[in-house]
Amino acid sequence: MAPAPVDAVFNALADPTRRHVLQALASRDSVTATGLAAELPISRQAVSKHLAALSGADLVSSDRVGRETIYSLRPEPLGDAAKWIESVGAEWDQRLGKLKRSLER
Amino acid sequence: MSCESETVERTETFDATPEEVWESLTDDDRLSEWLAEDVELEPFEGGEISVRDGDGERSGTVETVIEEERLTYTWARPGEEPSRVDFTIEAVPAGTRLTVIETAISGPVAIAEARWRPRFEALRRGLALVLA
């Protein structure tokens, strides 16, 4: 699978409820949407919507088991997003340092 | 769709005039002193930018050119998703302040949204029926 687009990950994480859904997922191996809705102060429908957004960013994987869909956390794209911020930030720090020396010499 | 966390932002103040900073952002010789080893930039809307460095090559398109105020372009390494670079120049008492914001472009987000929107719509219609 191609790496998750970094901006899709950021977008998925921008919503506080989605971060709660992720936290709830992170505390167990796998769970159904109904199981998640039971622990979160949001409806089953809202949970499904947030799971869809998280799946779109490859942060959540889903498996059909009988009549139910089981969701689990895929943490890998979070690392990709953090790496993007870190490497792009470091590049600009270095370039702006050189620019300062170039302008103020 | 966009959110603030998909960006990297840096601000630096230089003991220089906005004119000097603008030249550093748009003149190929000045650019090669700081942006990368070898830079070619056509400083007009729709112009091309190509940047070569020890760690590879990027290319893209110049989007906004407002002399001594604002310069934006997109760039990408071959095969990677592009990002947008946005420079803002402001005169301040200490000299000139430059802000640079690099943002991952939301193409893939738009694709993900398009993929999921029909399901959201179906969900909403289903809800409306249940609640009616």
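Anything mentioned here points back to the structure above.
Residues numbered from 1 in each chain as written. Chains lettered and ligands numbered in written order. Predicted model: local features only at pLDDT ≥ 70, side-chain atom pairs only at ≥ 80, totals over all residues. Heavy atoms only, no water.

### Quick word on the sheet that holds strand S1 (residues 31–32) of chain A
All names here are of chain A. Rule in force here: In short, DSSP must find at least two bridges between two strands for them to pair. Only DSSP runs of H or I with at least four residues qualify as helices, and only runs of E with at least two residues qualify as strands; both kinds are numbered from the N terminus onward. Pairs of residues are marked as contacts when any of their non-hydrogen atoms sit within 4.5 Å. Whenever a helix is involved, its axis is fitted only over the stretch in contact; in every case the axis is a line through C-alpha atoms, and angles between N-to-C directions fall within 0 to 180 degrees.
Reading across from one edge, S1-S3-S2 is the order of the 3 strands in this open sheet, with antiparallel pairing throughout. A single partner strand is all that each edge strand has here, and the edge strands are S1 and strand S2 (60–65). As defined by bridge partners, S2 adjoins strand S3 (residues 68–73) across 6 bridges and the pair is classed as antiparallel. Along S3, the bridge assignment pairs Val60 with Leu73. Running over the sheet, helix H2 (residues 16–26) touches S1, S2 and S3 and is turned about 90° from S3.

### Quick word on helix H4 (residues 44–56) of chain A
All names here are of chain A. To be explicit about the condition: Expected span of a helix: the number of residues minus one, times 1.5 Å. Working definition: with a 1.4 Å probe on protein chains only, accessible area under 20% of the residue-type maximum means buried, over 50% means exposed, and in between means partly exposed.
Helix length check: H4, at 13 residues, gives a terminal C-alpha distance of 18 Å against a target of 18 Å (1.5 Å per residue), a fit within 8%. The complete set of buried residues in H4 reads Val47, His50, Leu51, Ala52, Leu54, Ser55 and Gly56. A positive phi of about 60° marks Asp58, the residue just after H4.

### Considerations on the side chain of B:Asp86
All names here are of chain B. Filter applied, for reference: Counted as a polar contact is a pair of N or O atoms within 3.5 Å, where, for protein atoms, one must be capable of donating a hydrogen and the other of accepting one, and residues adjacent in sequence contribute only when both atoms are in side chains.
With respect to the secondary-structure elements, Asp86 resides in strand S6 (residues 83–92). Within the structure, the side chain of Asp86 is placed 2.6 Å from the side chain of Arg70, a separation counted as a polar contact. Apart from residues lying up to four places away in sequence, Asp86 is in contact with Arg70, Leu71, Thr72, Thr99, Val100 and Ile101.

### Quick word on unusual backbone geometry
With a phi angle near 60°, A:Asp58 is a residue other than glycine that sits in the positive phi range. Residue placement: A:Asp58 occurs in the loop between H4 and S2.

### Some thoughts on the pairing of S3(A)
Residues and elements named next belong to chain A. Where S1 and S3 come together, 2 bridges link them in antiparallel fashion. The partner of Val31 across the bridge, within S3, is Tyr71. Adjacent in sequence and paired antiparallel, S2 and S3 are bridged by 2 residues, among which Gly66 carries a positive phi angle near 60°.

### Comments concerning the sheet that holds strand S1 (residues 7–14) of chain B
Pairing between the strands of a sheet is mediated by backbone hydrogen bonds and can be parallel or antiparallel. All names here are of chain B. Sheet architecture is open: 7 strands sit in the order S1-S7-S6-S5-S4-S3-S2, paired in antiparallel fashion. Where the open sheet ends on each side, the last strands, each with one partner, are S1 and strand S2 (38–41). Here the average twist between neighbouring strands, direction ignored, is 20°. Pairing of strand S3 (residues 48–53) with strand S4 (residues 56–66) involves 6 bridges; the strand directions are antiparallel.

### Regarding a negative patch on the surface
This is how it is decided: Patches were defined on residues exceeding 30% relative accessible area and lacking a salt bridge, with like-charge contacts within 9 Å and nonpolar side-chain contacts (Val, Leu, Ile, Met, Phe, Trp, Tyr) within 5 Å. Using a 1.4 Å probe, the Shrake-Rupley method yields the accessible areas, and only the shown protein chains count as cover for residues. Salt bridge, as used here: a side-chain nitrogen of Lys or Arg that lies within 4 Å of a carboxyl oxygen of Asp or Glu. His is not counted, nor are the chain ends; Lys and Arg add positive charge and Asp and Glu add negative charge. In this description, the location of a charge corresponds to atom NZ of lysine, CZ of arginine, CG of aspartate or CD of glutamate.
Taken together, B:Asp15, B:Glu19, B:Glu20, B:Glu23, B:Glu67, B:Glu68 and B:Glu69 make up a surface patch of like negative charges. Inspection of the secondary structure puts B:Glu67 in the loop between S4 and strand S5 (70–75).

### Observations concerning the pattern of salt bridges
Applying the stated rule across the entire model yields 14 salt bridges over all chains. Here B:Arg10 makes a salt bridge to A:Asp93, at a shortest N to O gap of 2.6 Å. Of this pair, B:Arg10 sits in strand S1 while A:Asp93 is found in helix H5 (residues 76–104), placing the two residues in two different chains. Judged by its relative accessible area of 26%, B:Arg10 is partly exposed. A salt bridge links A:Lys100 to A:Glu104; the nearest nitrogen and oxygen atoms lie 3.3 Å apart. Here A:Glu104 and A:Lys100 lie together in helix H5, a separation of 4 residues that amounts to about one turn.

### What about the nonpolar core?
The condition is simple: To define a nonpolar core, start from buried Ala, Val, Leu, Ile, Met, Phe, Trp, Tyr and Cys residues and group those joined through side-chain atoms within 4.5 Å.
Of all hydrophobic cores here, the largest spans 31 residues; its most connected members are A:Trp92, B:Leu35, B:Tyr73, B:Phe87 and B:Leu98. Counting only elements with at least two residues in this core, the list comes to H5 of chain A together with S1, helix H1 (18–26), S2, S3, S5, S6 and strand S7 (95–104) of chain B. Top contributing element to this core by residue count: H5(A), with 6 residues. Apart from the residues within four sequence positions on either side, B:Leu35 is in contact with A:Trp92, A:Arg95, B:Val51, B:Asp53, B:Tyr73 and B:Trp75. Ranked by size, the runner-up nonpolar core spans 19 residues in total, among them A:Val21, A:Leu36, A:Ala37 and A:Ala57.

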